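Spelled out from the first residue to the last, the chains are:
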Amino acid sequence: MPELPEVERAAKLLREVAVGKKIADLEAVEDTIVFAGVSHTEFANELKGRTIKDAQRYGKVFYLLLDGVGRQPVMHFGMTGMLQVKGQLATYYRETPRKASTDWPPRFMKFILHLKGESEAAEETQVAFLDARRLGRIRLCKTPLTEPPISTLGFDPILSMPDLDDFSQAVRKRSCPIKALLLDQSFSAGVGNWVADEILYHARLHPEERCNVLSDEQLTALHQQTSAVCQTAVAVNADDSKFPEDWLFKHRWGKGKKEKHNLKLPDGKPATIKWITVGGRTSAYVAELQKLKRGSGVAAPGVDGAAEEDESDLTPLSGEDDTKVAKVTRKLKRKLKTDETAPPRITRLRTARSRPS
C-alpha cells in the first residue's frame, strides 16, 4: 500500500504538472465503490473549468485546491492506487513491473484530468487516477482539513508531529503492541507497514513491545525516528533505490525466497531478519537489535498497570490526554499552507477499531 512517502510523491507530481492549469475537461468512469459520496458525473461536472491552485497531502490522503465555487477533490490510493501522466509510466509503489505501459487511456483509470495552461499554444497535459483493486477512494469536500477522512486522522509525522512529552503520554496510555499503534491512522497518519517497521528498526524496538512499558529512552528514540524515517524517504521522493543501504526496507522483501539479504549488524556480522504478524500485518524485524524486553505486562513508571490490563488493544485516550494532544495537532495543522478559510476542527490523537478508507 502506498504510504506517506509515496503519497507525498503523488502530491509533488501534481504540483509539478497541474498547479496553475485549468481543468479543460475531465473523463470519469462509473465506479460506485471508488467514488465515495459522489457520482463520477457529479465529480466531473464540479471540477470542469476550474484552475488548480495547489496540491497537498495529509497522512495517506492527498487533495487539490481549486479556484471558483465548488468542493475540492480528496483522494486516497488504497492498496493499488496511483497516478499516471500521459506519455509516462505510472508511479508504482516499489518496483515498476515489466508489463507497465504508456498506453492511453490507461487500464483501471477512474478519471483523467485534461489540463491547459494559460497560453493558447501550450500543450494539453493529461493526468489519470488508476486503481486496479478498487480500494482507493475519491471524494469531494468543501474544506478538506476539517472534514472526514482528514479530520479523523492523528498527527502527520512531517506536517504536525507533536512534541516529545505529548507523544510519550499518548503512547503510554496504550497497552497494545507498539507496531499496532503506529499502524492506526487515528494515531499517526501516513505510517503504514514498511514505514512502521523502519521506524521500529531504527528505534531498536520489537514490534510486539507493549506501549505502556516503554522507557523514556525508548520513547525518545521512537519519537525521533517516526519523524526522521518519513523525512528521509520524502527527501528522495520515495525512490527506494536512494534509501540508505542500512535501511531494513532494502533487505526485508526476501521472506519465503531463496535469495538472502546482506543486511549487517553494527559489528559487521550478518543480521537475522525475522517475520511475525502484529496488528494484522506481517512485520519484519532484526532479532539481534530488536529484542522483546518488557512487553509481558510490567508497566512503565507512572502508568497504572492494573488499569491497563483491562484495556483493549485499541481503546481511546482519556479525555485529559486526548485534549492535550488534540491542541498540538490542531495548532500544527493550522500552519499548513492552504487556501482554506475555515478553522480546522480538533483532530484527536486516538486509536479506533475502524480505520478511514
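The rules behind the values
Residues numbered from 1 in each chain as written. Predicted model: local features only at pLDDT ≥ 70, side-chain atom pairs only at ≥ 80, totals over all residues. Heavy atoms only, no water. Helix = DSSP H or I, 4+ residues; strand = E, 2+ residues; numbered from the N terminus. Buried < 20%, exposed > 50% of the residue type's maximum accessible area, 1.4 Å probe, protein only. Areas by Shrake-Rupley, 256 points an atom, 1.4 Å probe, with all protein chains shown as cover. Salt bridge = Lys/Arg side-chain N within 4 Å of Asp/Glu carboxyl O. Expected span 1.5 Å × (residues − 1). Pairing = 2+ DSSP bridges. Axes fitted to C-alpha atoms, helices over the stretch in contact; angles between N-to-C directions. Contact = heavy atoms within 4.5 Å. pLDDT = per-residue confidence, 0-100.

Quick word on the overall build of the chain
In terms of regular secondary structure, the chain is built from eight helices and 10 strands. For the chain, with 357 residues in total, the buried portion stands at 51%. When the accessible surface of the chain is split by element, carbon and sulfur atoms take 48% of a total near 16400 Å².

Side note on the pattern of salt bridges
In the structure shown here, the tally under the stated rule is 13 salt bridges. Across the pair E16 and K12 runs a salt bridge, and its minimum N-O distance is 2.5 Å. Taken together, the positions of E16 and K12, both in helix α1 (residues 4-17) and four residues apart, correspond to about one turn of that helix. E16 gets classed as exposed once you look at its relative accessible area, which sits at 52%. The class of K12 is partly exposed, set by a relative accessible area of 34%. Two residues, K48 and D25, come together in a salt bridge whose shortest N-O distance is 3.7 Å. Within this pair, whereas K48 is found in the loop between α2 (40-47) and β2 (52-58), its partner D25 is found in strand β1 (residues 22-28), the two being separated by 23 residues in sequence. Through salt bridges with shared partners, one network takes in E8, R15, R57 and D156.

Some thoughts on α1
Here α1 is 14 residues long and its end C-alpha atoms lie 20 Å apart, about the 20 Å a rise of 1.5 Å per residue gives. For α1, the tally of buried residues reaches 11 of 14 residues, placing the bulk of the element in the interior.

Quick notes on the sheet that holds strand β5 (residues 81-85)
Spatially, four strands are ordered β1-β6-β7-β5 in an open sheet, and the strand pairing comes out antiparallel. With one partner strand each, in any of the chains shown, β1 and β5 form the two edges of the open sheet. Here the strands of the sheet are splayed against their neighbours by 20° on average, with no regard to which way each runs. Judged from the six bridges that link them, β1 and strand β6 (residues 109-116) form a sheet pairing that is antiparallel. The partner of L26 across the bridge, within β6, is L113. Where α1 meets the sheet, its contacts fall on β5, β6 and β7 (125-131), and the angle it forms with β5 comes to roughly 25°.

Looking at the confidence of the model for the chain
Confidence along the chain averages 85 in pLDDT terms, with 79% of residues attaining 70 or more. Counting contacts from residues 296-325, a segment whose pLDDT is below 50, to residues more than four positions away or on other chains yields 51 contacts. A low-confidence stretch, residues 342-357 stays under pLDDT 50, and its non-local contacts, those more than four residues away or across chains, total 58 contacts.

Observations regarding the pairing of strand β3 (residues 61-66)
Counting buried positions along β3 gives six out of six residues, so the element sits mostly inside the fold. Residues V61, Y63 and L65 point to one face of β3 and F62, L64 and L66 to the other, with burial holding for every one of them. Where β2 and β3 come together, six bridges link them in antiparallel fashion. Each residue of the ladder has a partner; that of I52, found in β3, is L66. Between β2 and β3, which pair antiparallel and follow one another directly, the connecting turn spans two residues, one of which, G59, has a positive phi of 60°. Sheet topology places β3 next to strand β4 (residues 72-76); three bridges connect them, and they run antiparallel. Bridge pairing in β4 places F62 opposite M75. Counted along the chain from β3 to the antiparallel partner β4, the turn is five residues long, and its residue G68 has a positive phi close to 80°.

Digging into the pairing of β7
Burial analysis of β7 places seven of its seven residues in the buried class, which makes it a mostly covered element. With burial as the criterion, each face of β7 is covered, one bearing T125, V127, F129 and D131 and the other bearing Q126, A128 and L130. The pairing of β5 with β7 spans five bridges and is antiparallel. Looking at β7, one finds that G81 is bridged to D131. Note that β6 and β7 share six bridges and pair antiparallel. Across the sheet, the residue bridging to H114 is Q126, located in β7.

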